[in-house]
Amino acid sequence: NGNHNMTTASPPTSNYRSGKACHMLLIAFLLLFGIVIMVQLTDRQHQQQHQQQVGLHKARYLKENKHEHVTKNKQHANNSQQDPNEVEKNKILHKFDEEYENLYEDHASTGTNKRPQHQTQIPAPDHFLKQRTGRNVENDHEIGHFVTADEKGNQHDIYTFACAKCGSTSFFHSLYKIVHGKEWDYPSDSPWIQIITSDRWHKYSHNTFRSLEEKNHFKDVLRRKTTSSYWLIRDPRERLLSAFKSKITCDDKFHPDSWSSRRKIIKSLLIVADMWDDKSASSTDCLSLQDYLFAMKKVHEEGNQAKLNSHLRPQTAIFSELHISPDDVDVVTEIKAPNAAGRLFDTFGVEREYDDYPHHHSSGGAVLEVTAKQEDILKELTAEEYKLLGPFLSS
């Protein structure tokens, strides 16, 4: 039995223990470094939000004092160097103007304010040579421009307009039937029938006004012997209350629009009224009648009615924008007036299929209680509309 040399495991050396400690330190350092980076990113995000909020507050101030800044810019227009502070202010103001315009795009929009491209080959019913429709980009009024022809081939221009909350759904159903010779059979989703620039109108597309000059001289266009026009209006008080029941109210008995739709319109109203607060945004999904009228009154007092959403904007706005009066339009009627639909068929020179508009939309039969003080506010808000449209209202 010889002697054998046996090798036994030795305890860890000091080098091994040192390496393990370094490894642990490295892991701890990486974790600490990651935490520091996350804190810095969070702080940067908060700073950016704060700067954006400050910028919007500056822009709001500049918006309210825009005339003063424009005057100053004109005074310094010939200077070789402009004040850097003024340059920065103008940048903020311009950015806010763009955000301001984008905010009030109608919720039923196709998502673009670009003018549709001209289309020369247009399939259409036999009595139409072509149809041109377009959006008034500045204030999202829907104005239809159609071109028809008589048996001799003489062209005739027809302009139509129906304000939001004036019974436009029923109007556009009738208009669609006149143009296409059939009923609107699309699902109840966007793009809605009121968006006459959408594909559902088969791209009978051209901007209503071919040039700014034509728009500025629209009165002369309407007075041409080869032009006919049809305007749908509504009693101003009824329209404001109807807009409240479908776009603003918290009460489901009026069958209002979705919460998201109401939230968007209410936000635009409160911003125009300078009453919007991001901190309380979650509590502004709907408004009471009193709060709604208060916000509308504030908008009117500041002279900002034209900036309102199309459902709340006074009917006087479109006439002011186009420099026309109701007397320049061939047919100005309420949807409930006798033969209102029949007169639309007559305007297009086609056989009447019915005299009165079919009913397509309702806020329900629930009664809205209006106090005496609220009636006073309504009178104040609608005074100019009644002055302009009173002779054309049935009641």
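Caption draft 1: A look at the overall build of the protein. Tallying secondary structure elements over the protein gives twelve helices and five strands in all. Looking at the 395 residues of the protein, the share that counts as buried comes to 41%. Considering only contacts in the protein between residues 6 or more positions apart, those separated by 24 or more positions represent 68%. Entry remark: accessible area of the protein is about 23200 Å², with carbon and sulfur atoms responsible for 51%.

Caption draft 2: Spotlight on the confidence of the model for the protein. Residues with a pLDDT of 70 or more make up 63% of the protein, whose mean pLDDT is 74. Scored below 50 in pLDDT, residues 1-10 shows zero contacts in the model against residues more than four places distant or in partner chains. Here residues 50-80 is modelled with pLDDT under 50, and outside its nearest four sequence neighbours on either side it reaches 27 contacts, counting other chains as well.

Caption draft 3: Broad picture of the packing of aromatic side chains. Applying the stated criterion to the full structure yields eleven aromatic pairs. Centroid distance F171 to Y230: 5.9 Å. Interplanar angle 15 degrees. Geometry classified as stacked. Linking F171 in helix α4 (residues 168-180) with Y230 in strand β4 (residues 227-233), this pair joins segments that are 59 residues apart in sequence. Accessibility classification places F171 together with Y230 in one group, the buried group. Site record: aromatic cluster; members linked through ring pairs are Y176, W184, Y186 and W201. Above the ring of W259, the side-chain terminus of R262 is found at 3.9 Å from the ring centroid.

Caption draft 4: Local environment of the nonpolar core. With 26 residues, the main nonpolar core has I248, L269, Y292, L293, M296, L308 and L312 as its most contacted residues. Looking at this core, the elements that each hand over two or more residues are α7 (236-248), α8 (259-272), α9 (289-301) and α12 (372-389). Dropping the residues within four chain positions of it, L308 is found in contact with L269, V272, M296, V299, R313 and P314. Counting residues in each nonpolar core, the second largest holds 22 residues, with I158, I193, I196 and V331 among its members.

Caption draft 5: Representation of the pairing of strand β5 (residues 331-334) in the model. Taking every second residue as pointing to the same face, both faces of β5 are buried, with V331 and T333 on one and V332 and E334 on the other. Note that β4 and β5 share four bridges and pair parallel. The partner of I233 across the bridge, within β5, is E334.

Caption draft 6: Quick peek at the pattern of salt bridges. One pass over the structure, following the stated rule, counts 13 salt bridges. A salt bridge links K177 to E353, with the shortest nitrogen-to-oxygen separation between them at 2.8 Å. With K177 in helix α4 and E353 in the loop between α11 (340-348) and α12, the pair connects residues that are 176 residues apart, well separated along the chain. Ionic contacts of the salt-bridge type, sharing partners, join the residues K177, E183 and E353 into one network.

Caption draft 7: Summary view of the packing of α7 against α12. One can describe the packing of α7 onto α12 by two numbers: an axis separation of 9 Å at closest approach and a directional angle of 120 degrees. Taken as axis vectors, α7 and α12 run oblique relative to one another. The handedness of the crossing between α7 and α12 is right-handed. Residues P236, R237, R239, L240 and L241 of α7 lie in contact with α12, whose contacting residues are E375, L378, L381, T382, E385 and Y386. Grouping the constituent residues of the contact of α7 with α12 by class yields six nonpolar, one polar and four charged.

Caption draft 8: Just unusual backbone geometry, in detail. Along the chain, S190 connects to P191 via a cis peptide bond; the corresponding omega equals 0 degrees. Mapping P191 onto the fold places it in the loop between α4 and α5 (212-216). For K165, which is not glycine, the phi dihedral falls at a positive 70 degrees. With respect to the secondary-structure elements, K165 resides in the loop between β3 (155-162) and α4. The phi dihedral of N339 is positive, around 65 degrees, even though this residue is not glycine. Among the structural elements, N339 can be located in the loop between β5 and α11. Overall, the relative accessible area of 32% leaves N339 in the partly exposed class.

Caption draft 9: A look at the state of the cysteines. Summed over all chains, the structure comprises two disulfides. There is a disulfide in this structure between C163 and C166, and the S-S distance comes to 1.7 Å. Side by side, C163 and C166 carry an identical accessibility label, which is buried. Between the sulfur atoms of C250 and its disulfide partner C286 the distance amounts to 2.0 Å. Because the sign of the S-S torsion sets the handedness, a value of about 100 degrees for the bond joining C250 and C286 places this disulfide among the right-handed ones. With C250 in the loop between α7 and α8 and C286 in the loop between α8 and α9, this residue pair connects regions lying 36 residues apart in the sequence. Overall, C250 belongs to the partly exposed group, its relative accessible area being 38%. Disulfide partners in the protein, listed by the sequence order of the bonded cysteines, are 1-2, 3-4.

Rules behind the numbers
Residues numbered from 1 in each chain as written. Predicted model: local features only at pLDDT ≥ 70, side-chain atom pairs only at ≥ 80, totals over all residues. Heavy atoms only, no water. Helix = DSSP H or I, 4+ residues; strand = E, 2+ residues; numbered from the N terminus. Buried < 20%, exposed > 50% of the residue type's maximum accessible area, 1.4 Å probe, protein only. Contact = heavy atoms within 4.5 Å. Areas by Shrake-Rupley, 256 points an atom, 1.4 Å probe, with all protein chains shown as cover. pLDDT = per-residue confidence, 0-100. Phe/Tyr/Trp six-rings, centres within 6.5 Å; stacked < 30°, edge-to-face > 60°. Lys NZ or Arg CZ within 6 Å of the ring centre and 35° of its normal. Core = buried A, V, L, I, M, F, W, Y, C linked by side-chain atoms within 4.5 Å. Pairing = 2+ DSSP bridges. Salt bridge = Lys/Arg side-chain N within 4 Å of Asp/Glu carboxyl O. Axes fitted to C-alpha atoms, helices over the stretch in contact; angles between N-to-C directions. Parallel < 35°, antiparallel > 145°, perpendicular 65-115°, else oblique. Left-handed = near helix turned anticlockwise from the far one by under 90°. Nonpolar A, V, L, I, M, F, W, Y, C, P; charged D, E, K, R; others polar. Disulfide = S-S within 2.5 Å.

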